[in-house]
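# Structural description and commentary
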Amino acid sequence: MIHSSWIEINKTALRKNIRYLQKRLGNGVKFASVIKGNAYGHGIKEFVPLAEENGIDFFVVFDTNEALRAEAVKKPDTQLLIMGMINDEELGWVIEKGISFFVFDLDRLQKAAMLARQQKTRARIHLELETGLHRTGIEEAELDAALAIMRSNSRYLELEGVCTHLAGAESITNYMRIQEQMRVFEKLTGILKKRRFSPKYRHIACSAAALIYPQSIMDMARIGIAQYGYWPSMETKMNNLLSDENKFTRDPLQRILSWKSRVMSIKKVPAGSFVSYGNSFMTTKETKIATIPIGYFHGYRRSLSNTGHVLIHGSKANVIGAVNMNVFQVNVSHIPGVQKGDEVVIIGTQGKSSITVAGFSELSNQVNYEFLTRLPETIPRIVKENKQEINGVQL
Ligand SMILES: *Cc1c(COP(=O)(O)O)cnc(C)c1O
């Protein structure tokens, strides 16, 4: 191990998450696994084959770069879909590889038609419709023009999907907006149907929508955060908990990621000493301090100075002083026998204790998305079959 920390991916937990989610989606609904942001920090390279082992054959990425990385490790028949950025110079490659992509403006539709015609092939298109997110999407007023282009290039453009994205399905605050988006989507797909366009997949659901609004599931759901073992929000979790007849004797979603390191050095500091840079922490008695070889360079935020915690020997140890670029320090005075080289859990379970991603910095689940995707790609990802990771008590 030449790295100062490592990330473990729990194969067993992933299998359970995918099974549970596929059951919730229903038979025949395509599970489109969203792996943007380096598979939410889990590593595209490691995650794709693991998901494939569990029957996933459709992955969704943000841009060409991620598609390229998934392309390098996926099975030949596994399908990719790009939702966002494709430079014009790359569109030819995307079409040639048979990669599906969102079309959210007429410009991309025309270019796709032209390139597919040159290549004498068919581009696989998912028409993204504007329904109220106001980010990207074909407006109702542009729909006629889009369908005309589709019609006159029907040999070169395959309408594989029609879709939209909801404006925050994980929060009840957005309830009215989401309902309106679903109404608009029905209306626009109604127009498509009347013109005899019949896409294979109609899809609008992300994790939260699939878990809260079953009517949003349609032919496919784009599942990101939930497959990695996180509820998109506490509301989503509560809503499902209350409707589950077993009241979750066990949470059906299990975090698949752990982040671990080892104690780099131990030091005893007398009472009345400042620890680390500056004077944000002063010992009030003799204190045993462990230095952990992780810092903000590795994605351990400076805002965790004096507030974060880790697990050592199954006990909680608080961060004291400032998080530095490559190290931070924790108080281990209350944990007997801590030595250099002992395992440190930053996220995950040790003994009977766990540190979750949300509990890690702020009490917000939204932080899951940002924290995970900020985990540097250079930290090695190690796949583990690990059954006992699962039952930890949350600290
Ligand atoms: C990220 C993303 C998803 C997946 O969202 P989760 O909340 O992680 O399930 C689905 N659709 C689009 C367009 C996205 O950008």
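Residues numbered from 1 in each chain as written. Predicted model: local features only at pLDDT ≥ 70, side-chain atom pairs only at ≥ 80, totals over all residues. Heavy atoms only, no water.

## A look at the nonpolar core
Core analysis: the largest hydrophobic core is formed by 120 residues, its most contacted members being Ile 35, Phe 101, Trp 259, Tyr 300, Ile 312 and Val 330. Residue-level mapping places this core at the junction of two domains, with at least three residues from each of domain 1 (10–241) and domain 2 (257–394). In this structure, Phe 101 is in contact with Leu 81, Ile 82, Ile 86, Leu 91, Val 94, Ile 95, Arg 108, Ala 112, Ala 123, Arg 124, Ile 125 and His 126, ignoring residues within four places of it in sequence. (Core = buried A, V, L, I, M, F, W, Y, C linked by side-chain atoms within 4.5 Å. Buried < 20%, exposed > 50% of the residue type's maximum accessible area, 1.4 Å probe, protein only. Domains from an automatic or database assignment. Contact = heavy atoms within 4.5 Å.)

## Notes on helix α4 (residues 64–73)
Taken together, the buried positions of α4 are Thr 64, Glu 66, Ala 67 and Ala 70. Looking straight down α4, one finds its buried side chains confined to an arc of 155°; they lie on one side. Elements that come into contact with the buried residues of α4 comprise α2 (36–40), α3 (44–53), β3 (58–61), β4 (79–82) and α5 (88–96). Of the residues flanking the start of α4, the one acting as N-cap is Asp 63, its side-chain oxygen 3.3 Å from the backbone nitrogen of Asn 65. (Helix = DSSP H or I, 4+ residues; strand = E, 2+ residues; numbered from the N terminus. Arc of directions from axis to C-beta. Polar contact = N/O pair within 3.5 Å; in protein donor to acceptor, adjacent residues only side chain to side chain.)

## Observations regarding the pairing of strand β16 (residues 343–350)
Side-chain positions along a regular strand alternate between the two faces of the sheet. The element β16 is largely enclosed, with a buried count of seven among its eight residues. Sheet topology places strand β10 (residues 257–262) next to β16; four bridges connect them, and they run antiparallel. Counted as the bridge partner of Lys 260 is Val 345 from β16. Relative to β16, strand β13 (residues 309–312) runs antiparallel, the two sharing two bridges. Paired with Leu 311 across the two strands is Val 345, which belongs to β16. Strand direction decides the pairing type here: β16 and strand β17 (residues 353–355), joined by three bridges, are antiparallel. By the bridge assignment for β17, Gln 350 is matched with Ser 353. (Pairing = 2+ DSSP bridges.)

## As for the confidence of the model for the chain
With 95% of its residues at a pLDDT of 70 or more, the chain has an overall mean of 94. This stretch, residues 389–395, has a pLDDT under 50; its non-local contacts, to residues over four places away or in other chains, come to 22 contacts. (pLDDT = per-residue confidence, 0-100.)

## Comments concerning unusual backbone geometry
A positive phi is found at Tyr 40, a non-glycine position, where the angle reads about 50°. Following the sequence through the fold, Tyr 40 ends up in helix α2. Residue Tyr 40 is classed as buried on the basis of its relative accessible area, which comes to 5%. At Lys 120, a position not held by glycine, the phi torsion is positive, near 55°. Judged by its relative accessible area of 73%, Lys 120 falls in the exposed class.

## Regarding the packing of aromatic side chains
Overall, the coordinates contain eight aromatic pairs when judged by the stated rule. Ring centres of Phe 58 and Tyr 201 lie 5.9 Å apart, and the angle between their planes is 80°; this geometry places the pair in the edge-to-face category. Linking Phe 58 in strand β3 with Tyr 201 in strand β8 (residues 201–203), this pair joins segments that are 143 residues apart in sequence. Neither Phe 58 nor Tyr 201 differs from the other in exposure class; each is buried. Ring centres of Tyr 175 and Tyr 213 lie 6.2 Å apart, and the angle between their planes is 35°; on these two criteria the pair is classed as tilted. Placement of the pair is Tyr 175 in helix α8 (residues 175–194) and Tyr 213 in the loop between α9 (207–212) and β9 (220–223), with a sequence separation of 38 residues. Put simply, the rings of Tyr 40, Phe 47, Tyr 228 and Tyr 369 touch in pairs and so form one group of aromatic residues. (Phe/Tyr/Trp six-rings, centres within 6.5 Å; stacked < 30°, edge-to-face > 60°.)

## Here's the deal with the side chain of Arg 222
One can find Arg 222 in strand β9. Of the buried charged residues, Arg 222 lacks a salt bridge, with Glu 128 as the closest side chain of opposite charge at 6.8 Å. A polar contact of 3.2 Å, which involves the side chain of Arg 222, links it to the side chain of His 165. In this structure the side chain of Arg 222 is engaged in a polar contact, spanning 3.0 Å, whose partner is the side chain of His 203. Setting aside anything within four residues of it in sequence, one finds Arg 222 in contact with Ala 32, Val 34, Met 83, Phe 102, Cys 163, Thr 164, His 165, His 203, Ile 204, Ala 205, Cys 206 and Ser 207. (Lys, Arg positive; Asp, Glu negative; His and termini not counted. Salt bridge = Lys/Arg side-chain N within 4 Å of Asp/Glu carboxyl O.)

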